[in-house]
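# Per-entry structural report
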Amino acid sequence: MTADLLLTGARVVDARRDLPDAWVRVHNGLIAEVGTGLAPRASERIDLGGATLTPGLIDLHVHGGGGHAFDDGTDAITAGVAAHRRHGTTATLVSLVSSPLDVLRRQLTHVAVARRSDPAILGVHLEGPCLSPARRGAHDPGALALPDGPVLDLVRDAEPGLVRQVTLAPELPGALDAITELTALGIRVAIGHTEADYALTREAIARGATLLTHALNAMPAIGHRLPGPVPAALEDDRVTLELILDGVHVHPAVARMLLTSAPRRVALITDAMAAAAHADGAYRLGELDVHVADGRALLDDGVTIAGSTLTLDRAVRAAIVDLGLAASDAVGAATSVPAAALGDPARGLLESGMRADLVAWDADWRVRKVWLSPSS
Ligand SMILES: [Zn+2]
């Protein structure tokens, strides 16, 4: 990206606007101005010919892609992040599944190294190991742990700012105190892989939890007498709900219900494993074997879903084309909503001062080009 770049002839869409025939001026990797009508001068000018321009997509929950699993070391992390970048994702929380603590410790250093050379890697989402055995999904049962000293030490000992998000089950002994402690460290706590009911979910939120990990998956369903965790999250403005919009994890009608009942608080995620943006076949997720056929990732039992093969551009397209959301709402769910959930003030909108992480899309919401700001 050159020092001064002008993108013209764009439909500019973010969570706050949908502007036809607009332009965006980028200076030193940051958005300098957005406007319509007469465009200013710039050293480099690109006419987008009517393409749609949005902020870069932000994925809070992804385990791999392009054939690479994020638990396989620094090179695999970099390659997997790059595979998702080709589909519009310019900011990634590298999600690590439950593993023995010495393995997680090693994996955290791998992400720390990868992050130094890739501004798209924001940090780590530890999905576990403090999860409910009964709702573990595709997490290795032998790796699950209680939220006590050793797990908290793992987080405290990590490079500062590396662990950004931790998913835990609030019903485990010590979990509510762990939420208080992690929140005090500036880490976002997500409720997930849990048996928590409505009341306990509210208590976890009161203790500081601000996310619901892949809402509706790996938790009690919504019942009219037993509401479970999802209504508790929906009714509280402090909480963001992750949603895997791949047509497999959540029925489109229920996905639409979530998106319309908590506008600006549902974050599209992929929860993708290595087969995303890659071929069907045999893969690993942590210590478990996964088989991918027709884009569905399942464990050996042939029933348990083991992540998705989604890319975030497909989720945005599904929200607009299949669910009928307004473009700015669908784009917001993959940009400003996750940015706000992370407390990231530099990403998620096309506004002056924001990072120039940009995606150009064609009329069918397919990614044409991606710009990643080199500034960190
Ligand atoms: Zn999960």
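Owing to the predicted nature of the structure, the values given are computational and were not obtained by experimental measurement. (Residues numbered from 1 in each chain as written. Predicted model: local features only at pLDDT ≥ 70, side-chain atom pairs only at ≥ 80, totals over all residues. Heavy atoms only, no water.)

Helix and strand content of the protein: ten helices and 20 strands. The globule rule puts the C-alpha radius of gyration for 376 residues at 21 Å, and the 20 Å found for the protein is close to it. Overall, the C-alpha framework of the protein stretches about 60 × 45 × 40 Å when taken along its three principal axes. Relative to its 376 residues, the protein shows a buried fraction of 58%. A separation of at least 24 residues holds for 69% of the contacts in the protein among residues at least 6 apart in sequence. Counting every atom, the protein has about 14400 Å² of accessible surface; 51% of that belongs to carbon and sulfur. Side-chain charges of the protein comprise 33 positive and 45 negative groups, with the mean position of each set lying 5 Å from the other. (Helix = DSSP H or I, 4+ residues; strand = E, 2+ residues; numbered from the N terminus. Rg over C-alpha atoms; globule rule 2.2 N^0.38 Å. Buried < 20%, exposed > 50% of the residue type's maximum accessible area, 1.4 Å probe, protein only. Contact = heavy atoms within 4.5 Å. Areas by Shrake-Rupley, 256 points an atom, 1.4 Å probe, with all protein chains shown as cover. Lys, Arg positive; Asp, Glu negative; His and termini not counted. Charge placed at Lys NZ, Arg CZ, Asp CG, Glu CD.)

On to helix H7 (residues 252-261), then. By the burial criterion, the buried members of H7 are Ala 255, Leu 258 and Leu 259. Buried residues in H7, looked at end-on, bunch into an arc of 95°, giving them a common side. Taken together, the buried residues of H7 touch helix H6 (229-234), strand S14 (240-244), strand S15 (266-269) and helix H9 (327-333). (Arc of directions from axis to C-beta.)

Attention now goes to the side chain of His 125. Within the secondary structure, His 125 sits in strand S10 (residues 121-127). What makes His 125 buried here is its relative accessible area of 0%. A distance of 2.9 Å separates polar atoms of two side chains, one belonging to His 125 and the other to Ser 95. (Polar contact = N/O pair within 3.5 Å; in protein donor to acceptor, adjacent residues only side chain to side chain.)

This part covers the pattern of salt bridges. A complete count under the given rule lists 21 salt bridges for this structure. With a shortest N-O distance of 3.1 Å, Asp 177 and Arg 207 are connected by a salt bridge. Of this pair, Asp 177 sits in helix H4 (residues 175-184) while Arg 207 sits in helix H5 (residues 198-207), and the two are 30 residues apart along the sequence. The partly exposed category is assigned to Arg 207, whose relative accessible area is 31%. (Salt bridge = Lys/Arg side-chain N within 4 Å of Asp/Glu carboxyl O.)

Let us look at the domain arrangement of the protein. According to the domain assignment, the protein contains domain 1 (4-54 + 351-371) and domain 2 (57-342). The centre of domain 1, based on its C-alpha atoms, is set 30 Å off from the matching centre of domain 2. Taken together, the contact pairs 17 residues of domain 1 with 17 residues of domain 2. When domain 1 packs against domain 2, the two sides together hide about 1200 Å² of surface, and 68% of this comes from carbon and sulfur. Where domain 1 packs against domain 2, one counts zero salt bridges. At the surface where domain 1 touches domain 2, the tally comes to two residue pairs in polar contact (both at pLDDT 80 or more). Residue composition of the side of domain 1 that touches domain 2, by class: eight nonpolar, one polar and eight charged. (Domains from an automatic or database assignment. Buried area = accessible area lost by both parts, 1.4 Å probe. Nonpolar A, V, L, I, M, F, W, Y, C, P; charged D, E, K, R; others polar.)

Attention shifts here to the sheet that holds strand S18 (residues 296-299). Read from one edge of the open sheet, three strands run S16-S17-S18, paired in antiparallel fashion. Bordering the open sheet on either side are strand S16 (281-285) and S18, each of which pairs with just one other strand. Shown here is a sheet whose adjacent strand axes are inclined to one another by a mean of 35°, direction ignored. Across four bridges, the pairing between strand S17 (residues 288-293) and S18 is antiparallel. Opposite Ala 293, over in S18, you have Arg 296 as the bridge partner. (Pairing = 2+ DSSP bridges. Axes fitted to C-alpha atoms, helices over the stretch in contact; angles between N-to-C directions.)

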